[in-house]
Amino acid sequence: MSIGVTLHRASPTESVIAAQARDVVKIYGRGDTAVRALNGATLSIPAGRFTAVMGPSGSGKSTLMHALAGLDTIDGGQVLLGDTDLSGLGERQRTLLRRERVGFVFQSFNLVPTLTAAENIALPLTLAGRRPDQEWIDELVAILGLADRLRHRPTELSGGQQQRVAVARALAARPEIVFADEPTGNLDSRAGEALLGFLRRAARELGQTIVMVTHDPNAAAYADRLVFLADGRIVDELTAPAVPAILSRMASLDTSAPASALDEEK
Amino acid sequence: MWRLALRNALAHRARLALTLIAVILGVTFVTGSLVLTDTSQRLLDDQFRTASAGVDLVVRDAAAFDSAMGVEVERDPLPSVAVDRIGAVPGVAAARPVVRGSGLLRTDGKAIVPSGPSLLMSWEPAPIGAFTLRAGRPPAADDEVVIDAATAGGHHIDVGDTITIQAESTARLRVVGLAGFGGSPGLPDSTVGLVDLPTAQRLLGLGDGVTEVAVIAADGLDPQRLQDRVATALGTGYAVTTGRDIAASSAEAAKTQVGYLQLMLLALAAAALLVGAFLIANTFSIVITQRTRELAVLRAAGATGGQVLRSVLGEALLVGIAASIAGVGLGVAAAAGLRGLTGAFGITLPDGSLIVEPRTVIVALAIGIGVTVTSAIGPARRAASVAPVEAMRRSSAPAAGGRGRTVIGSLATVLGVAGLAAVIAVRPSAGMIAPVGAAALSVIVGLVLLGPAVAPALARFIGRPLDLAGVPGRLARESAARSPRRTSATALSLAVGLALISFMTVLATSVKASIAQSYKEVISADYVIESARNEMLGGLSHHVHHHVSELPEVAVASRLRYGHWKDGQATRALTAVDPVTLPRVASPHMVAGSLDALSGGGVILAESVARQRHLSVGDSLPMTFSRTGTQRLPIVGLVLDRDAHALSTDYLISLETFSKNYREHVDASVFVKIAPGVGAAVAKKAINGVLADHPTAQLRDQAAAVAGRTLMIDQVLGMVTALLTLTILIALMGITNTLALSIIERTREIGLLRAVGMTARQLRWMIRGEAVFITVLAIILGVGMGIAFAAGTVAALGSTIDAPLVLPVGRLLAVVAVAVVAGLLAGLLPARRAAKLDVLTAVAAT
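**Topic: the overall build of chain A**
Link 1 in the chain: The secondary structure content of chain A amounts to ten helices and ten strands.
Link 2 in the chain: The burial tally for chain A puts 52% of its 266 residues in the buried class.
Link 3 in the chain: For chain A, long-range pairs separated by at least 24 residues make up 68% of all intrachain contacts whose partners lie at least 6 apart in sequence.
Link 4 in the chain: As presented, chain A carries roughly 11600 Å² of accessible surface, and 49% of it is formed by carbon and sulfur atoms.

If you want it as structure tokens, here you go:
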């Protein structure tokens, strides 16, 4: 455990690889209707960094995230989480891997409605039958400003509070990597900014590896590094991206991208 | 909107499948019950109509009533001169004497004991006789007999063989012919022996008396006019009845039993339908909750509330029609199975081709459709009240019950519980069954109304042990607590079934215990001889008593007889005892008067009966006997209720008084005290030696005697439990259905849980846990209600049965265990389905 902690809080200058995709292929459908959602995507996620993934609708960014997170299987190539090759794992092993080593923040419906905020935060740990590290959770709760909300149920929380609980839950087990899928998609801009600010802090101060899928250039600007996806492969990347730079890159990728970015991706 | 209803029904056919099955099962049950009892009744009608088809009038000894509790009374024989007097009446074409009684057939030394009667009759050719020869010739001499072809076939008897007939006297007779009855080779569940008139009179000990005179009217003469003429000619003391009326009243008597059965079957069918109604209401409300947004879009697009209401009811109507039609079809098939089931529990019904009355189809369809549509009214009204703005909301929180509903529910529950408690506390002396029934109904209705309001608290309280099962356990409990309406309806439907089963079990056990206890305390005989056949009046030949009392190994043999009498419109039973010998085999405790005084021709009443009727020793009780009409019997004593029950009825008369007022001469029981110094084995052997001639007679020790008396209770309990299992089955389908539907509703939640690391195994346990949890909730409510209702009933019966409340712990635990296992099974399918949900699609579901 303590080794893991040291690893996660390693200084950002050390370039350790937390996860990588090597020539990943994912095909939906069969025959004539087959769609190559990922078509040779290769990507390394550095540990302790906040990485954003952008791309036009249908570029495969959600699929890539699902593959990296062990939520979905792939049809070709290799996905490594740390040293673990996910492509060789069965459903149950992937479930256990998610529980032990991965955290998630979805766009919405992040919380189990029947559990309180505190119980939702501890959920992956209690599912695994592990005792939560109370000190760590208290720290997370304090940073996220949830201390007076712990006994509330999700329906009694605002959207921003719900997403912050989701972030706390994702970080509670000190996972090797946290995946966030449009985490600010359902939030107003103030709540969204607060959440993004926290994700950046988690990477910079706590050394947490974070991968965020987004279509929002403002959100992507919070990341240390931004990769662009198009037609199922990585086509470009930016370090310390700023909004104008992001917009111009996107425009060069696909002129219609900003309009279609409003759509939800499959 | 109709097209929408049809589309919806088809689109949700998977969701509605179990609802469909529930309605089908209920309708099948109703149809099966009706078809079975109709068939039985029609067969009995046909049988008696055939029996008197060729006869215009029947002349018998007059009787105050024809039958009681489904048993036709026995009448005095007519003198033979009556035949000539009737024959002399103008317009009578023929008057023939008929003798009828019972005589057991034996072949190769073994008795043929049918489950019905062993008939012995004088042979009469058609049209008077209903039997027609199928082989051989009619009996012509005093050593000849014709038997029914069915019995002959079943026991390999042929023309030319010799058989024995055992009636008042016994004779060996040669079989000279085989007869059929109408189109069938015999009468159902019976044996028939047909001999010539003098032989019948001799075997039945009638001298030259005859049972009845069958009359055929001259051509063209209306039987009813002849009836008046014959009655006038004969004067009082004779009953002149048309053949058609005889057939009708005999059939009516025989049908009484079928009527009881029909009532019971329909009551059980009603229970099944009630449980089905819960399931239907539940399914519709869940489906509608899931469709809230769709409905709101409809409303926003301009559909009126009424249109939405009609579309939901239309959907229910479609389900109701489809299920009812299927149910009627299956019900006809199920009738045969039901007959087998009742047969297995000792209730034999005539066998024959099934009769489906138009009424059956109409009733079954009306009930099936009615129940379905009625159950859907609540959900439909909720659907109609969906506001168009809800189309814009993400999800709507399920509402608990309204306040009015909760208040009324609490009131009904409290009233019912208070009523039950009052009955239990007061232990009223008079029968108070009706208030207990009302209280029980009030509790059930109250709980149904109250359910949604109390379910969450109850679920969290009872579900506490689930915490031990970790997060899946907690989530299972919380998910049950979160949908209070759904949880309470699902649990209550199972609870109703379990309540009925535990009610029946506890009540039956208590009554049995009471019978055993009173028997043990009152009867001191070493043995009792009773007929193994379950006959209303006992059916033990009076020869048994005679032979047994003559044995040197026997100190005393005292017998009981049962008789029916009319108490105004009511039919009651009495017990005739020998006041001299009874005290040596039993110790009835007299509250007033004495047993000896019975010898003077009086009657002894059970204490509570006397109190209820404001009678005491010295008063007189008018009793109407079939043979002698209304007699005022002086009340000579009062006996403790329990002790009266040990002797089976509330009214005791002497055997002497009995023989004055009754023609029946079968014994119910012979109590035996063995002589001092004789070993049990020796006495048993001697008695069994005598009983060898009476194949239906059984020597029973105390335990066997009690078992014989409680056999009926066991049979009814067995059958009712078997049929209530259907109710439980429907309730379990309700659990499966509810869970399956709630999984659809919780797809995203399940996706989330899986994403953050809940294993498929944990998920399966969560769903199964919820199923078991609902079952446990139902068990607590159901078994609790069942015990409480039984306690109330036992208290209400009070002194009538004087039963202590006996909890059959073993049996109740078995019910609980079966229910839990069934609950687990009910959760299997939904659990598997939930575990198979693809994580990604579940997460992405909207």
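**Some points on the interface of chain A and chain B**
Link 1 in the chain: Counting residues at the interface gives 26 residues for chain A and 21 residues for chain B.
Link 2 in the chain: Buried surface at the junction of chain A and chain B, both sides included, amounts to about 2200 Å², of which 65% is carbon and sulfur.
Link 3 in the chain: For the interface between chain A and chain B, the tally reads three salt bridges.
Link 4 in the chain: Close ionic contact of arginine 754 of chain B with glutamate 91 of chain A constitutes a salt bridge, the shortest N to O distance being 2.8 Å.

**Re the packing of aromatic side chains**
Residue and element names in this part refer to chain B.
Link 1 in the chain: Enumeration according to the criterion identifies six aromatic pairs over all chains in this entry.
Link 2 in the chain: Taking the centre distance of 5.3 Å and the plane angle of 70 degrees together, the rings of phenylalanine 625 and tyrosine 662 count as edge-to-face. Of the two residues, phenylalanine 625 is situated in strand β21 (residues 620-625) and tyrosine 662 in the loop between α19 (655-661) and β24 (669-674); the sequence distance between them amounts to 37 residues.
Link 3 in the chain: What makes tyrosine 662 buried here is its relative accessible area of 7%.
Link 4 in the chain: When the centroid spacing of 4.2 Å and the interplanar angle of 10 degrees are considered together, the rings of phenylalanine 658 and tyrosine 662 count as stacked.

**Notes on the sheet that holds strand β6 (residues 102-105) of chain A**
All names here are of chain A.
Link 1 in the chain: Judged by pairing direction, the sheet is mixed, and its six strands sit side by side in the order β6-β7-β8-β3-β9-β10 without closing on themselves. Only two strands of the sheet have a single neighbouring strand rather than two, namely β6 and β10 (233-239). Pairs of neighbouring strands in the sheet enclose a mean axial angle of 20 degrees, with direction left out of account.
Link 2 in the chain: Bridge analysis of strand β3 (residues 50-54) against strand β9 (residues 225-230) gives four bridges, and the strand direction is parallel. If you follow valine 53 over to β9, its bridge partner there is valine 227.
Link 3 in the chain: Of the strands in this sheet, β6 and β7 (177-181) are in contact with helix α6 (residues 159-172), which crosses β6 at around 175 degrees.
Link 4 in the chain: On top of the sheet, helix α7 (residues 189-206) reaches β3 and β8 (210-213); it is set at about 150 degrees to β8, its chief contact.

**With respect to the confidence of the model for chain B**
Link 1 in the chain: Scored by pLDDT, chain B comes out at a mean of 86, with 95% of its residues at no less than 70.
Link 2 in the chain: In this model, residues 394-398 of chain B is a region of pLDDT below 50 whose contacts with residues beyond four sequence positions or in other chains number four contacts.

**Some words on a nonpolar patch on the surface**
Link 1 in the chain: A cluster of nonpolar side chains, contributed by Leu805, Leu807, Val809 and Leu813 of chain B, occupies part of the molecular surface with about 350 Å² of accessible area.
Link 2 in the chain: Mapped onto the elements of the fold, leucine 813 of chain B is located in helix α24 (residues 809-836).

**Concerning the pattern of salt bridges**
Link 1 in the chain: Under the counting rule described, the total for this entry stands at 34 salt bridges over all chains.
Link 2 in the chain: Ionic pairing is found between glutamate 530 of chain B and arginine 709 of chain B, a salt bridge with its closest N-O pair at 3.4 Å. Of this pair, glutamate 530 of chain B sits in strand β16 (residues 527-531) while arginine 709 of chain B sits in helix α21 (residues 702-745), placing them 179 residues apart in sequence. This pair shows no difference in class: glutamate 530 of chain B is buried, exactly as arginine 709 of chain B is.
Link 3 in the chain: In the salt-bridge network here, residues are joined through shared partners; they are Arg153 of chain A together with Arg460, Arg477 and Glu478 of chain B.

**Some words on the side chain of serine 285 of chain B**
Residue and element names in this part refer to chain B.
Link 1 in the chain: Note on placement: serine 285 falls in helix α7 (residues 243-290).
Link 2 in the chain: Given a relative accessible area of 11%, serine 285 falls into the buried group.
Link 3 in the chain: Among the polar contacts listed, one links the side chain of serine 285 to the backbone oxygen of alanine 281, at a separation of 2.9 Å.
Link 4 in the chain: Not counting the four nearest positions on each side in its chain, serine 285 is found in contact with Pro379 and Arg382.

**So, the pairing of β7 of chain A**
Residue and element names in this part refer to chain A.
Link 1 in the chain: Burial analysis of β7 places five of its five residues in the buried class, the great majority of the element.
Link 2 in the chain: Along β7, one buried face is formed by Ile177, Phe179 and Asp181 and the opposite face, lined by Val178 and Ala180, is buried too.
Link 3 in the chain: Two elements, β6 and β7, share four bridges in a ladder whose sense is parallel. Bridge pairing in β7 places glycine 103 opposite valine 178.

**Here's the deal with the sheet that holds strand β1 (residues 17-28) of chain A**
All names here are of chain A.
Link 1 in the chain: Here we have four strands laid out as an open sheet, ordered β2-β1-β4-β5, and antiparallel in their pairing. Edge strands, defined here as strands with exactly one partner in the open sheet, are β2 (35-46) and β5 (84-85).
Link 2 in the chain: In terms of strand pairing, β1 meets strand β4 (residues 76-81) through five bridges, oriented antiparallel. Among the inter-strand pairings, alanine 19 is bridged to a residue of β4, identified as leucine 81.

**Some thoughts on the packing of helix α5 (residues 134-144) of chain A against α7 of chain A**
Residues and elements named next belong to chain A.
Link 1 in the chain: Contact pair α5 / α7: the axes reach a minimum separation of 11 Å and the direction vectors enclose 135 degrees. Our classification of the angle between α5 and α7 gives oblique. Crossing of α5 against α7: the hand is right-handed. Two secondary-structure elements touch here, α5 through Trp136, Glu139, Leu140, Ile143 and Leu144 and α7 through Phe198, Arg201 and Leu206.
Link 2 in the chain: Across the contact of α5 with α7, the residue classes tally to six nonpolar, no polar and two charged.

**Structural notes on empty space enclosed by the protein**
All names here are of chain B.
Link 1 in the chain: Evaluation of the coordinates by the stated rule reveals six cavities of 30 Å³ or more.
Link 2 in the chain: Taken as a whole, the largest cavity holds about 120 Å³ of empty space.
Link 3 in the chain: What lines the largest cavity is a set of 17 residues, and nearest its centre among them are Val73, Leu537, His564, Tyr662 and Glu664.
Link 4 in the chain: Elements with a contribution of two residues or more to the lining of the largest cavity: β3 (71-72), β17 (554-567) and α19.
Link 5 in the chain: With three residues, β17 is the single largest residue contributor to the lining of the largest cavity.
Link 6 in the chain: Among the residues making up the lining of the largest cavity, the classes are represented as eight nonpolar, four polar and five charged.
Link 7 in the chain: Each of domain 1 (1-75 + 222-396) and domain 4 (527-700) accounts for three or more of the residues forming the lining of the largest cavity.

What counts, and where the lines are drawn
- Residues numbered from 1 in each chain as written.
- Chains lettered and ligands numbered in written order.
- Predicted model: local features only at pLDDT ≥ 70, side-chain atom pairs only at ≥ 80, totals over all residues.
- Heavy atoms only, no water.
- Helix = DSSP H or I, 4+ residues; strand = E, 2+ residues; numbered from the N terminus.
- Buried < 20%, exposed > 50% of the residue type's maximum accessible area, 1.4 Å probe, protein only.
- Contact = heavy atoms within 4.5 Å.
- Areas by Shrake-Rupley, 256 points an atom, 1.4 Å probe, with all protein chains shown as cover.
- Buried area = accessible area lost by both parts, 1.4 Å probe.
- Salt bridge = Lys/Arg side-chain N within 4 Å of Asp/Glu carboxyl O.
- Phe/Tyr/Trp six-rings, centres within 6.5 Å; stacked < 30°, edge-to-face > 60°.
- Pairing = 2+ DSSP bridges.
- Axes fitted to C-alpha atoms, helices over the stretch in contact; angles between N-to-C directions.
- pLDDT = per-residue confidence, 0-100.
- Patch = residues over 30% accessible without salt bridge, like charges linked within 9 Å, V, L, I, M, F, W, Y side chains within 5 Å.
- Polar contact = N/O pair within 3.5 Å; in protein donor to acceptor, adjacent residues only side chain to side chain.
- Parallel < 35°, antiparallel > 145°, perpendicular 65-115°, else oblique.
- Left-handed = near helix turned anticlockwise from the far one by under 90°.
- Nonpolar A, V, L, I, M, F, W, Y, C, P; charged D, E, K, R; others polar.
- 1 Å grid on protein atoms, 1.4 Å probe; cavity = no way out; pocket = protein on both sides within 12 Å on 5 of 7 lines; lining within 4 Å.
- Points joined across faces, edges and corners; volume = space filled by probe spheres on them.
- Domains from an automatic or database assignment.

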